[in-house]
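Here is how the chains run, residue by residue.
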Amino acid sequence: MPAPDETLRSPAARSDFGFEVEHRLAETATIPGARAEANGGPFLGRTGTISTPHGTIRTPAFVPVGTAATVKAVLPESMAELGAQALLANAYHLYLQPGADVLDAAGGLGAFMNWPGPTFTDSGGFQVMSLGSGFRKVIDMSTVAASAAGDDDVATGKERMARVDDDGVTFTSHINGDVHRFTPEISMQVQHRLGADIMFAFDELTTLHNSRGYQETSLERTRRWARRCLAEHARLTEERADRPYQALFGVIQGAQYEDLRRRACRDLGAMDFDGFGIGGALEKENLGTIVRWCNEELPEDRPRHLLGISEPDDVFTALENGADTFDCVSPTRVARTGTVYAPDGRFTVSNARFRTDLSPIDDDCDCYTCAHYTRAYLHHLFKAKERLSATLTSIHNERFVVRMVDGARESMADGTYFEYRDEVLGRYYAGRS
């Protein structure tokens with residue numbers, strides 16, 4: 001394992017960022033007979049506080065996604081009211097439109113979108129994969145014969161729009177077809193101008209289609225890019241010393257391979273990152289195992305962000321295996337199709353059976369939507385193709401996930417986590433239709 005490179009240390013301004021562990025799940029479990037292990041080892045779940053220049057994040061926490069500096073169809077003020085502690089935007093999309101220079105002039109992402117709390121930007125690494133191959137982040141390998149996929153494959157009906165080399169990525173804009181170039185240095189320059197409190201290092205996200213050989217090559221490429229990101233981050237932090245400190249998280253790849261995941265964690269864990277993102281293609285049934293591999297290796301004193309989950313069973317699995325924060329677009333994405341979360345499972349409010357249902361989505365939900373509107377009204381909005389439908393269902397879905405994770409954090413602290421988890425999951429999946 002290489003020794004940390006002292007030349008990559010960030011300036012003293014990083015004192016604006018910090019992380020403190022408060023409770024550990026294994027220490028607070030008081031229910032008789034509660035399982036003491038997860039995926040072959042002790043539970044790694046914990047509560048804590050991330051400090052940033054724009055406020056604190058009590059963890060574990062769900063971070064809603066506002067890809068283009070907006071949570072789709074929802075006002076930033078509404079996100080604050082429903083309990084969101086931080087928001088995540090995408091560097092790739094904001095680089096293309098409106099441009100990082102615009103956000104920089106506005107005072108950064110939070111000021112630009114009128115969000116007073118902490119912000120994240122991801123590096124654009126996901127777009128490298130999705131534009132390059134057209135595949136989803138999580139690929140159902142049961143539908144792909146082992147011999148059917150290769151390192152240069154593109155999803156059916158898709159065109160390759162990105163090419164990766166050892167120095168960076170050349171890609172075609174999905175907006176107007178212009179050709180652009182991202183390198184680790186450019187990603188850092190873009191993200192510094194975007195001004196989020198927490199940024200992610202530029203990485204290459206592989207798919208489960210890729211061969212073992214390509215995974216190894218890509219992992220080494222991501223390691224080298226991580227060091228380049230740190231060096232450029234240190235330079236820019238010093239150059240922009242009048243701006244609030246922006247934390248930099250390294251991104252862990254390695255797909256489904258234990259040795260590669262652990263190697264990535266040891267390599268990046270030895271570098272001077274402020275925290276870590278656990279990324280890459282994950283099969284649902286292996287999510288907890290892979291998160292555990294990573295968190296057994298990563299430094300205890302730095303936060304860990306899991307990229308891209310929000311289903312209740314995935315959330316609890318991730319929390320038990322040491323994830324501190326996580327994000328996902330799913331709550332608003334499914335809301336725009338009429339699907340809403342409820343304690344007894346998801347349902348689609350635009351279905352005919354809700355046309356005359358004058359009850360709220362959830363009688364026990366404290367969100368704005370449930371306090372003021374009925375299932376029948378929401379059904380009407382979707383049938384009438386009114387845009388308000390997306391706003392009201394998105395508010396509810398975001399509140400549902402935020403509230404669920406808040407409950408998990410509180411129950412970790414007071415020793416009732418296992419009871420809480422079993423009640424939530426037992427009801428949600430028993431009643432899901």
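Reading guide: rules and limits
Residues numbered from 1 in each chain as written. Predicted model: local features only at pLDDT ≥ 70, side-chain atom pairs only at ≥ 80, totals over all residues. Heavy atoms only, no water. UniProt positions renumbered as here; feature names shortened; annotations may be inferred. Core = buried A, V, L, I, M, F, W, Y, C linked by side-chain atoms within 4.5 Å. Buried < 20%, exposed > 50% of the residue type's maximum accessible area, 1.4 Å probe, protein only. Helix = DSSP H or I, 4+ residues; strand = E, 2+ residues; numbered from the N terminus. Contact = heavy atoms within 4.5 Å. Pairing = 2+ DSSP bridges. Axes fitted to C-alpha atoms, helices over the stretch in contact; angles between N-to-C directions. Phe/Tyr/Trp six-rings, centres within 6.5 Å; stacked < 30°, edge-to-face > 60°. Lys NZ or Arg CZ within 6 Å of the ring centre and 35° of its normal.

Per an unreviewed UniProt entry, the protein goes by the name Queuine tRNA-ribosyltransferase and belongs to Kocuria aegyptia. Comment text from UniProt for the protein, heading Subunit (unreviewed entry), reads "Homodimer. Within each dimer, one monomer is responsible for RNA recognition and catalysis, while the other monomer binds to the replacement base PreQ1." For the protein, the Catalytic activity (unreviewed entry) comment in UniProt is given as "7-aminomethyl-7-carbaguanine + guanosine(34) in tRNA = 7-aminomethyl-7-carbaguanosine(34) in tRNA + guanine".

## Thoughts on the nonpolar core
Core analysis: the biggest nonpolar cluster contains 92 residues, and Phe273 and Leu306 have the highest contact counts within it. The leading source of residues in this core is helix α15 (residues 388-414), at nine residues. Apart from the residues lying within four places of it in its own chain, the contact partners of Leu306 are Ile278, Leu282, Leu287, Val291, Ala318, Ala323, Thr325, Phe326 and Asp327. Listed in part, the 17 residues of the second largest apolar core include Ile57, Val63, Val65 and Leu307.

## Notes on the sheet that holds strand β1 (residues 18-24)
Reading across from one edge, β1-β4-β5 is the order of the three strands in this open sheet, with antiparallel pairing throughout. Two strands in the sheet have a free side with no partner beyond their single neighbour: β1 and β5 (55-59). Here the average twist between neighbouring strands, direction ignored, is 15°. For strand β4 (residues 46-52) and β5, the ladder comprises five bridges, and the chain directions are antiparallel. By the bridge assignment, Gly48 is partnered in β5 with Thr59. Packing of α15 onto the sheet brings it into contact with β1, β4 and β5, and relative to β4 it is tilted by some 120°.

## Re the packing of aromatic side chains
This model, assessed by the stated rule, comprises 20 aromatic pairs. Plain terms: the ring middles of Phe182 and Phe202 are 5.9 Å apart, the flat faces sit at 70° to each other, and that makes the pair edge-to-face. Taken together, the residues Phe182 in strand β11 (residues 179-182) and Phe202 in the loop between β12 (198-200) and α8 (212-239) connect sequence positions 20 residues apart. Each residue in the set Tyr92, Tyr95, Phe171, Phe182, Phe202 and Trp225 is aromatic and connected to the rest through ring pairs, giving one cluster. Over the ring of Tyr257 we find Arg212, and its NZ or CZ is 4.9 Å from the ring centre.

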